[in-house]
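# Observations on the model geometry
This is what each chain is made of:
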Amino acid sequence: MMRLAVVITAIAAISFSAIAQKQPVTIFLAGDSTMAAKQPEKRPETGWGEMLGQHFKAGSIRIENRAANGRSTKTFISEGKWQLIVDALRKGDYVFIQFGHNDSSKDKGERYTPPEDYRRNLVRFVGEVKARGAHPVLLTPVMRRRFGKDGKFYDTHGEYPVIVRSVAKDQNVPLIDMHSMSEKVIVRYGVEDSRKLFLQLKPGENANYPNGIEDNTHFSPLGADEMAKLAVQGIRASNVGLSKLLKK
């Protein structure tokens, strides 16, 4: 009888372990509007985070897109959005952290985060994720579509992407350099065709934007998909543990 009880206990433990192994890995996305999920009234605007899940094997991951429009590292913290992620973390989860668009906007005081505070916030994010037994991944901000009159592409983020790269190196965490990779994509599309990557509509083309829109920051579905592919490329190149869960 004792031997039977031991066998049953062992089988139960194996079964529980098998069930635990089948649980999908959760990927939390912390960032701004370029990553965030959009409301129906904003379509066809699309955050690249919405396109990420399709690149993983079915049932292997769960995306928790906590990115929010207009947020910087400062406001993500002050509004309690960061703490909600920390409280929800389980051992083995991943947190993709991408800010910079709003942190660098000096003309928007409530969002603006001075470089030294930006660095401090990123270090805090990394430390608090690690403390929960989860995996932080830092991402540089994606590029805006900016071409000069001479047709040459130029950047608007200043030193902020450099800070992300520096923090990733200092804290020994994976870096996905969306900044440099997205520049190559936009430049490859060129001055005119790169409009297809962004929220660019003519008057009357879409009911959500009856007067049309020329947005060089937020993505169309095509642009969001291109950016998600870059994130996947970065996952593979950075040897992030998630790479084994990607579709081949």
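Just above sits the structure.
What you are looking at is a predicted structure, and each value in this text was computed from that prediction instead of being measured. Per-chain numbering applies: the sequence of each chain, read as written, is numbered from 1 onward. In keeping with the model being predicted, local features are shown solely for residues with a pLDDT of at least 70 and side-chain atom pairs are shown and tallied solely at 80 or more, while totals for entire chains, interfaces and linings include all residues. No hydrogens and no water enter the side-chain calculation; it runs on all heavy atoms of the structure.

### Description of the environment of Ala134
Its place among the elements puts Ala134 in the loop between helix 4 (115-131) and strand 4 (135-139). On a C-alpha basis, the gap between Ala134 and Val232 in space is 19 Å, while along the polypeptide they are 98 residues apart. Excluding its chain neighbours within four sequence positions, the residues that come into contact with Ala134 are Leu89, Arg90, Gly92, Asp93 and Val129. The helix and strand labels rest on DSSP assignments: H or I over at least four residues marks a helix, E over at least two residues marks a strand, and numbering proceeds from the N terminus. Only heavy atoms matter for contacts: two residues are in contact if any of them lie within 4.5 Å across the pair.

### Overview of the side chain of Ser104
Structurally, Ser104 can be placed in the loop between strand 3 (94-98) and helix 4. Residue class for Ser104 comes out buried when judged on its relative accessible area of 17%. Polar contacts involving the side chain of Ser104 include one to the main-chain carbonyl oxygen of His101, which spans 3.2 Å. Excluding residues that lie within four positions of it along the chain, Ser104 makes contacts with Tyr112, His157 and Tyr160. A 1.4 Å probe rolled over the protein chains alone gives each residue an accessible area, and that area as a share of the maximum for its type sets the label: buried under 20%, exposed over 50%, partly exposed in between. Distance and chemistry together define a polar contact, namely a pair of N or O atoms within 3.5 Å, with one atom able to donate a hydrogen and the other to accept it when in protein, and with adjacent residues in sequence counting only for side-chain atoms on both sides.

### Topic: the nonpolar core
We define a nonpolar core as any set of buried Ala, Val, Leu, Ile, Met, Phe, Trp, Tyr and Cys residues linked to one another through side-chain atoms lying within 4.5 Å. In this structure, Trp48, Phe56, Phe96, Met178 and Leu242 are the most contacted members of the largest nonpolar core, which totals 37 residues. Considering every element that reaches this core, the biggest residue donor is helix 7 (residues 221-237), with 7 residues. Setting aside anything within four residues of it in sequence, one finds Phe96 in contact with Ile27, Phe28, Leu29, Ala30, Met35, Leu52, Val137, Leu139, Ile176, Ile235 and Leu242. Judged by nonpolar contacts, the second largest core, of 24 residues, contains Trp82, Ile85, Phe99 and Tyr118.

### Some remarks on the sheet that holds strand 3
Strands are labelled as partners when DSSP assigns at least two bridges between them. Read from one edge to the other, the open sheet built from 5 strands follows the order 2-1-3-4-5, with strand pairing classed as parallel. Since the sheet does not close on itself, it has two edges, and those belong to strand 2 (61-65) and strand 5 (175-176), each with one partner. Of the pairings in the sheet, the one linking strand 4 to strand 5 comprises 2 bridges and is parallel in character. Each residue of the ladder has a partner; that of Leu139, found in strand 5, is Ile176. Along the sheet face, helix 3 (residues 81-88) touches strand 1 (25-31) and strand 3 and points at about 170 degrees away from the line of strand 1. Every angle, taken between N-to-C directions, lies between 0 and 180 degrees, and every axis is a line fitted to C-alpha atoms, over only the stretch in contact when it is a helix.

### Focus: unusual backbone geometry
Cis geometry is found at the peptide bond from Arg43 to Pro44, where omega equals 15 degrees. By secondary structure assignment, the location of Pro44 is in the loop between strand 1 and strand 2. For Asn172, which is not a glycine, the phi torsion comes out positive at approximately 55 degrees. In this structure, Asn172 sits in the loop between helix 5 (160-171) and strand 5. By relative accessible area, Asn172 is classed as exposed at 68%. The phi angle at Asn239 is positive, at roughly 60 degrees, despite the residue not being glycine.

### Considerations on helix 3
Buried within helix 3 we find Trp82, Ile85 and Val86. Seen end-on, helix 3 carries its buried residues on one side only, within an arc spanning 100 degrees. Exposed residues pointing more than 90 degrees away from the buried face of helix 3 are listed as Leu84 and Asp87. For helix 3, the elements touching its buried residues are strand 1, helix 2 (73-78), strand 3 and helix 4. It is the directions from the helix axis to the C-beta atoms whose arc is reported.

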